[in-house]
Amino acid sequence: MNVANPFADPLRFDRRVPECTVVIFGANGDLTKRKLMPALYRLAYERRLPASFAILGNSRTPLSDDAFRDKMHEAVKRFLEDSPFDEDIWTSFARNLYFTAGDLNDPELFSKIGAKLGELCRPNVLYYLSTQPSYYGTVVDGLGAAGIGESRPGGWRRIVIEKPFGHDLESARELDTRIHKVFPEEEVYRIDHYLGKEAVQNILAFRFGNGIFEPLWNRRYVNHVQITASESIGVEGRGAYYQEAGALRDMIQNHLLQVMATVAMEPSAVFEPDAVRDERAKLLRSIKIMKPEEVPLHAVAGQYRGFRQEPGVDAASQTDTFTAATFYVDNWRWAGVPFYVRSGKRMPKRTTDIAIQFNTAPHALFASQDGGPPTRPNLLILRIQPEEGISLRFMSKQPGSGMRLRPVSMDFNYGSSFGERSPSAYETLLVDAMVGDATLYTRQDMVEASWRAVQPVLDDWASRRFDFPNYEPGSWGPAEADAMLARNGHRWRNS
Amino acid sequence: MSVAVQPEKILRELRELWDELGRAEETPGGVLRACAMTLLVAAEEQGEAEQVRKTLGVLMHDHPSRAIVLRSQEGSGVEARVFAECWMPFGRHQQICAEGIEITAGGAELSEVVHVLLPLMVPDLPVVLWCRGGRAFTDPAIEALFPLADKIIFDSAAASDAKAALQLLRSLRARGRRVADLTWTRLTGWREVLSQLFDDGVLDPDAVASVRIVHGGSGASTCALYLTKWIEQGLPGARVMVESASDEPGIRAITLLGGSAEVSIRRTGPSCVEARAGGRSYRTPLPPVTEEALMREELSILGPDSVFDRVLA
């Protein structure tokens, strides 16, 4: 039945997902417990899931449907944020949770999943790969061989793939080829949960919904851009995984380059998935690829003291727990403007923000009276977490006689201006995948472009031995990161 | 802090209040002033003050505004005081504050106060008038506030004469004023659950022959009238019947019949409804809505609301 709903009221009713089964591979894992299941429950609580919505979990551990429901009940109660937990709603939601145990290497598992999907009889299926990345190809092959990967009339089959998408450019291409043997590109959703954050989406609203900022958004007015994602915690039991990844792969290649693309991309002609993604991809392709001899000047690796003592970590590990890099964008708008990007663990605080530093006033009209700089550059801070918002720093006259200036900050706090609860990134992205909106998902050309941007650094670091550890826990990273900016006359905004 | 009602004095008082807040020891990071609109509140009697303050306190977090509360108090002269509503967002070291002005006037003076309000509105931001209680439907002094507002929010459930209340809303809408009725807002949850049945394709709209609405409380409520009209507009071929039940006020159940199919939504508890369709049933939350939640919903819609406009017409 495909008839327009006569009772639609988009102004007051939230977007709702179609009848669907979500198959989660890795359903016993941390991501499912901490993020996916709380997000799905919350969507049910908000009446955004249809009554017939079903979830089929898979992992190797044998579990009955009821045991799976009990596990998820515990997880949702524990990890649900900003929301009440309602037992009645849970009971209704849990009725549609099912479980099929099995080894991902066993073709029989996919036949069992196919049979279960037939039994559940929902027209659409969303496969969610929440497994270890090394199993992505195996799962896709299994779905293909069992004949349950292809969309059919009246029902789509989509796949959501968690990052990392490959571990370098070549492996990303290999994985993509494997996926496309089963799923066409329009049914592949590569998730980067940073893009689902309200504050990242707000960058687009800020840039393209206002007339006053865009004219300044270019090399004439912007001196440089700093993107920081710092964490105060260490690897927290994920040492074995992190040792293989490192900050460059884990944060910069995906999250931070996507954020950088959102900050620097050209406006799209329309706000439609492919138009927006075309612009992001174009920007990522415009990132200047470092020459081998430039890598030591434009990239800094760090490792905090104590990382090698973490469980699962090699005592001589060369993994970067901190990375800082300078990127340049080879296009008309950004030529010559450095984009400094850094991410690290065990830093002084957890924060993700983007600082756009504008050029100083061309003529120093107001002389300094205290030996400091007469004026400071305007700074626009786009805060992603933990306090989503925007601040603009500008100079103001200090009250009193004389003309002494001091910087003041004009703040917009996302939470205080829109006190409504913001959906979590996973709620947003799950709904988007189910309604077929890929705007906030990455595309293969974007993935490849961002691997291409970091590949020279990966290659260089693979051939070097660092004298790690080189920064203390609770500091802002190694001194070389400061030196990297100092060479351009800049300094990190450490606050 | 009381002042005679002169706009300049009130604005000066507000400035002093901000200075005071900025100097306060407990706010070393200063305060952040937030304002997205002017919210005029036409409140009823003195006794309501506490409730209004509580509601505004919650609303300010979502819709920070300059709140101007007008209260009538027989026998009093005209008095004004300014106040701030401050809160510390989680994880922040800087307070956020929104400002308010409370003006108390005797019934006779209330109409004069209207002239004081214009300079007190925050320029360049929308003005929303919230007519709390039933007085707005009968008091000409409040009617004089209507032209000041971009949107006027009523609650027809508080009116002594529901038909007259609807008539007023219709006439304002016909004159181009943007109006809202919290009685309609209370129906959002029910309407959404009903709408979802059609999203899911449980029923073909053309196949629905009749709809039965059961509501509690006595007399014809605007709530049942609104729901009836909305359903009639969505299902022009269906007969819509309204039954009252000796139950708590509000919608209790909606049943749709078409051919051999029967779909029903009924309240099963104070915060839950159960939908039954095609042999399946599920529960969905529908908790009682507070005044704050209703206002929050309405304040987030400052543009045209075509669905309500059609129902009101």
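Above this text is the structure in question.
This text gives an overview of the structure that appears in the document. Owing to the predicted nature of the structure, the values given are computational and were not obtained by experimental measurement.

**Details of the packing of aromatic side chains**
All names here are of chain A.
Here is step 1 of the chain: In total, this model carries 28 aromatic pairs over all chains according to the counting rule given.
Here is step 2 of the chain: Here Tyr-189 and Tyr-441 contribute two aromatic rings whose centre-to-centre distance is 5.0 Å and whose plane-to-plane angle is 85°, an arrangement assigned as edge-to-face. Note that Tyr-189 is positioned in strand β6 (residues 188-190) and Tyr-441 in the loop between α12 (425-435) and α13 (444-462), a separation of 252 residues in sequence.
Here is step 3 of the chain: Classification of Tyr-189 as buried rests on a relative accessible area of 2%.
Here is step 4 of the chain: Centre to centre, the rings of Tyr-242 and Phe-307 are 6.2 Å apart; their planes meet at 75°, and the pair counts as edge-to-face. Of this pair, Tyr-242 sits in helix α8 (residues 239-264) while Phe-307 sits in the loop between β8 (299-302) and β9 (322-328); the two residues are 65 residues apart in sequence, bridging distant segments of the chain.
Here is step 5 of the chain: Under the relative-accessibility criterion, Phe-307 is labelled buried at 0%.
Here is step 6 of the chain: Of the aromatic side chains, those joined through ring pairs into one cluster are Tyr-41, Tyr-45, Phe-85, Trp-90 and Phe-93.
Here is step 7 of the chain: Positioned above the aromatic ring of Phe-165 is the side chain of Arg-190, whose terminal nitrogen or guanidinium carbon lies 5.0 Å from the ring centre.

**Comments concerning the sheet that holds strand β10 (residues 239-245) of chain B**
Here is step 1 of the chain: Spatial ordering of the open sheet is given by β10-β9-β11-β12-β13-β14 (chain B), a layout of six strands whose pairing is mixed. Because the sheet does not close on itself, it has two edges, and the strands there are β10 and β14 (280-285) of chain B. Each strand of the sheet is rotated relative to its neighbour by a mean of 20°, with strand direction disregarded.
Here is step 2 of the chain: As paired elements, strand β13 (residues 272-277) of chain B and β14 of chain B share six bridges and run antiparallel to each other. Residue pairing across strands places Ala-277 of chain B opposite Arg-280 of chain B, the latter belonging to β14 of chain B.
Here is step 3 of the chain: Its contacts with the sheet place helix α3 (residues 87-94) of chain A against β13 and β14 of chain B, and it is angled at close to 145° to β14 of chain B.

Basis of the calculations
- Residues numbered from 1 in each chain as written.
- Chains lettered and ligands numbered in written order.
- Predicted model: local features only at pLDDT ≥ 70, side-chain atom pairs only at ≥ 80, totals over all residues.
- Heavy atoms only, no water.
- Phe/Tyr/Trp six-rings, centres within 6.5 Å; stacked < 30°, edge-to-face > 60°.
- Helix = DSSP H or I, 4+ residues; strand = E, 2+ residues; numbered from the N terminus.
- Buried < 20%, exposed > 50% of the residue type's maximum accessible area, 1.4 Å probe, protein only.
- Lys NZ or Arg CZ within 6 Å of the ring centre and 35° of its normal.
- Pairing = 2+ DSSP bridges.
- Axes fitted to C-alpha atoms, helices over the stretch in contact; angles between N-to-C directions.
- Contact = heavy atoms within 4.5 Å.

All quantities given are derived from atomic positions and should not be read as evidence of function.
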